[in-house]
Amino acid sequence: MAGPVPVASSLSDIYTVDAIGTQAKRWNNLLARFQTIYGQPAEFVARSPGRVNIIGEHIDYSLYPVLPMAITADSLLAVSTNVASTNTKEGHYKIKIANVQDAKFPAHEFDIPYEAVDIDATVHEWTNYFKSGLRGALELLRKKHGNDFEPKSMQILMDGTVPAGGGLSSSAAFVSSSALAVMVANGEKTVDKTELTELAIVSERAVGVNSGGMDQSASVFSERGSALFVSFTPSLKARPVSFPKTNPELTFLIAQSFVTADKFVTGPVHYNLRVVECSLAAAYLNAVLNPPGTQLPSDASPLSVSLHGFHETYFALQEHSSGATKSKSTESQLEELVALTAEKLDKRDGYTREEIAAVLNISVDELDKKFTSRFPVRAEKFKLRQRALHVFSEALRVLKFMSLLEQQPTNTDDTSEYNAQLGDLLNQTQDSCRDVYECSCKEIDELCSIARKAGSYGSRLTGAGWGGCSVHLVPAGKVKAVREAWEREYYSKLDLSEEQKEAAVVVSKPGSGSAVYLVDDKPGPVVVDDMDRGSEVY
């Protein structure tokens, strides 16, 4: 899975057969619009997809493994570096950026100084996501080429089909494709997937979101036909995971709630707050369970202190003190941590700053500086018990899900029982997200309930939550019944446009990750098959 980002020689290298027709029209429109806006053809297109998370919700920023898959919806950036320098300020380079949806996302032009990319994270502006990818890519380019590296000017036209606030990682797709576009525009012939993912993870935090690493990993690393098992320690790794053949055949449905969940807008009371609560829970458990003076390792989590870091430290110390020669299985360790959390974090209504600071033996000011100043949060009490319980139990569910996939069903003639075991883990995740992590909403709960009654094996929210999308593991023969039930009991009650109705439910197949498409010098449509062009690979 590691290695270079591929260069697609045709759209069939990127999309499944059933999507080619729609995507060809879209890509040709993008390239024609680019020519109209800038008076010249694009040189290449950078592409990164959205993702749906199968299982492992809200645990990536605590550095536990997750299982997402890429989807067809994506972010495309058509790019040219043939920009006239006559109107560019000295010591600056120019970025011209426009959007196919220009009424919603107006075009901008920036003269950016060579030495820094300024991003105002307090302003919710669509181009900030490009700037965050630009900043991260330039940091990597300067590591490669020295601090005197001067980036090229760029003309960009963006087209995104991942719904914003839909829980399918539109921001990660945009940031990843932006960083990829900057790397290629500045002459990089090889763009390493791991480097691109790591810079995209850090880059998205520049727009005020305490993101983990799942979204960017799925966007960059995914391979068509496979889900992706992503682990974050001791280093970022991703490997493809195939679902076994089942009878009934399994299908993933993605259903939109049409409740917008914008991490930037609601972060202080939702997403960012959960990140802070998880890091505080790690520090608190370390203080009450490990020997006095034990320091948790600084890691790659948003606040550099994670529940996974506590997990590893706690059991390393336990094994050292007992003289154990064999480690417990990770499953056993997580089960023990669930029990310890329930025992030691007994305040169900949450902990005040003063209570936490006293246990950590620091002042409230020191606590705020370390945990709540980097990203804005608003809370009088922090629900450490609930957040840690969800993370440890969800990490355990991921391992159980993976174990089922690797075991394969024993009775291949009828895998209904096996299918139900997979679905039950998804249902447990939804229950935990709703009741323990408190990141669901009544609309998502309703979609899940309707689907289960109509035949879904497992249904849950996907993404940040508080709205957005849900994912459902459905036998192929029940897809029609589930869709009809949603239409009858949920969507018919909403005032939706025809476009929204069409996009409300998607049958999802695992898609491919980031790619670069080099545009021919000759005019004409994009290549749909790969018979008349050679392939290159970055």
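Below: a short report on this structure. Being a predicted model, the structure only gives us computed values, none of them experimental.

**Remarks on the overall build of the protein**
Helix and strand content of the protein: 16 helices and 15 strands. By principal-axis analysis of the C-alpha atoms, the protein measures approximately 70 × 60 × 50 Å. Within the protein, the fraction of its 538 residues that count as buried is 58%. Considering only residue pairs separated by 6 or more positions, the protein has 75% of its internal contacts joining residues 24 or more positions apart. Total accessible area on the protein stands at roughly 22,600 Å², and carbon and sulfur atoms take up 49% of it.

**Section: helix 14 (residues 442-454)**
End to end, helix 14 covers 18 Å across 13 residues, agreeing with the expected 18 Å (1.5 Å per residue, within 8%). Residues of helix 14 that are buried: E443, I444, L447, C448, I450, A451 and A454. For helix 14, the angular spread of buried residues about the axis comes to 165°, placing them on one side. Those residues of helix 14 that are exposed and aimed more than 90 degrees away from the buried face are K442 and K453. Positive backbone phi, approximately 125°, marks G455, located one or two places after helix 14.

**What to know about the pattern of salt bridges**
Overall, the coordinates contain 26 salt bridges when judged by the stated rule. Residue R434 pairs with D431 through a salt bridge whose shortest N-O separation is 3.4 Å. On the criterion of helical spacing, the pair formed by R434 and D431 is a turn pair, its members being three residues apart in helix 13 (residues 416-435). Across the pair K442 and E443 runs a salt bridge, and its minimum N-O distance is 3.2 Å. On the basis of relative accessibility, which here comes to 64%, the residue K442 falls in the exposed class.

**Some words on the packing of helix 10 (residues 353-360) against helix 11 (residues 364-372)**
The N-to-C vectors of helix 10 and helix 11 enclose an angle of 95°; their axes lie 9 Å apart at closest approach. The pairing of helix 10 with helix 11 is recorded here as roughly perpendicular in orientation. Along its contact with helix 10, which presents R353, E354, I356, A357 and L360, the element helix 11 presents V364, L367, D368, F371 and T372.

**What about the nonpolar core?**
Ranked by internal contacts, the top residues of the largest apolar core, which has 89 residues, are L67 and L307. Sequence-distant contacts of L67, defined by excluding residues within four places in its chain, comprise N53, I54, I55, A227, L228, F229, V241, F401, M402 and L405. Counting 40 residues, the second-largest nonpolar core is a separate cluster that includes W126, L134, A179 and A185.

**Brief notes about the side chain of S178**
Looking at the element boundaries, S178 is found in helix 3 (residues 170-185). Setting aside chain neighbours within four positions, we find S178 in contact with L77, Y129, F130 and G133.

**Brief notes about the packing of aromatic side chains**
This model, assessed by the stated rule, comprises 16 aromatic pairs. Their ring planes at 80° and their centres at 5.0 Å tell us that Y314 and F315 sit as a pair that is edge-to-face. Residue Y314 shares its accessibility class with F315, and that shared class is buried. Linked through ring pairs, F105, W126, Y129 and F174 together constitute an aromatic cluster. Above the plane of the ring of Y437 lies R274, whose end atom (NZ or CZ) is 5.9 Å from the centre.

**Some details on the side chain of H308**
Within the secondary structure, H308 sits in helix 8 (residues 307-322). Classification of H308 as buried rests on a relative accessible area of 11%. Leave out the neighbours within four places in its chain, and H308 touches S62, L63, Y64 and T233.

**Let's talk about the sheet that holds strand 15 (residues 515-518)**
Here seven strands make up an open sheet; going across it, the order is 1-15-2-3-6-4-5 and the pairing mixed. Looking along the sheet, the strands with just one partner apiece sit at the ends: strand 1 (7-8) and strand 5 (108-113). Sheet analysis places strand 2 (residues 44-55) next to strand 15, joined by four bridges and oriented antiparallel. Among the inter-strand pairings, F44 is bridged to a residue of strand 15, identified as L518. Helix-sheet contacts for helix 2 (residues 127-145) involve strand 3 (67-80), strand 4 (92-99), strand 5 and strand 6 (154-160), and the interaxial angle to strand 4 is about 140°. The strands that helix 5 (residues 214-221) touches are strand 2 and strand 3; relative to strand 2, the one it contacts most, it runs at about 125°.

**Concerning helix 12 (residues 384-407)**
For helix 12, built from 24 residues, the straight-helix expectation of 34 Å at 1.5 Å per residue is met to within 8% by its first-to-last C-alpha distance of 35 Å. Among the 24 residues in helix 12, 20 count as buried, and that is most of the element.

**Things to note about unusual backbone geometry**
In this chain, T233 is followed by P234 through a cis amide linkage whose omega measures 0°. If you trace the backbone, P234 turns up in the loop between strand 7 (227-231) and strand 8 (237-241). A cis amide bond links N247 with the next residue in sequence, P248, at an omega value of 10°. Summarising the element assignment, P248 is placed in the loop between strand 8 and strand 9 (250-256). Even without being a glycine, S304 presents a positive backbone phi close to 70°. Mapping S304 onto the fold places it in the loop between helix 7 (271-289) and helix 8. Backbone geometry places N361, a non-glycine residue, at a positive phi of 60°.

**What about the pairing of strand 9?**
Of all seven residues in strand 9, seven are buried, a share of seventy percent or more. Of the two faces of strand 9, the one carrying L250, F252, I254 and Q256 and the one carrying T251, L253 and A255 are both buried. Alignment of strand 9 against strand 13 (residues 469-475), held across seven bridges, turns out to be antiparallel. Directly across from I254, in strand 13, lies its bridge partner V471. As defined by bridge partners, strand 9 adjoins strand 14 (residues 505-508) across four bridges and the pair is classed as antiparallel. Within strand 14, the position partnered with A255 by the bridge is V505.

**Observations concerning the environment of K369**
On the secondary structure map, K369 appears in helix 11. A sequence separation of 59 residues divides K369 from Q428, and the C-alpha atoms of the two residues are 36 Å apart.

Calculation criteria
Residues numbered from 1 in each chain as written. Predicted model: local features only at pLDDT ≥ 70, side-chain atom pairs only at ≥ 80, totals over all residues. Heavy atoms only, no water. Helix = DSSP H or I, 4+ residues; strand = E, 2+ residues; numbered from the N terminus. Buried < 20%, exposed > 50% of the residue type's maximum accessible area, 1.4 Å probe, protein only. Contact = heavy atoms within 4.5 Å. Areas by Shrake-Rupley, 256 points an atom, 1.4 Å probe, with all protein chains shown as cover. Expected span 1.5 Å × (residues − 1). Arc of directions from axis to C-beta. Salt bridge = Lys/Arg side-chain N within 4 Å of Asp/Glu carboxyl O. Axes fitted to C-alpha atoms, helices over the stretch in contact; angles between N-to-C directions. Parallel < 35°, antiparallel > 145°, perpendicular 65-115°, else oblique. Core = buried A, V, L, I, M, F, W, Y, C linked by side-chain atoms within 4.5 Å. Phe/Tyr/Trp six-rings, centres within 6.5 Å; stacked < 30°, edge-to-face > 60°. Lys NZ or Arg CZ within 6 Å of the ring centre and 35° of its normal. Pairing = 2+ DSSP bridges.

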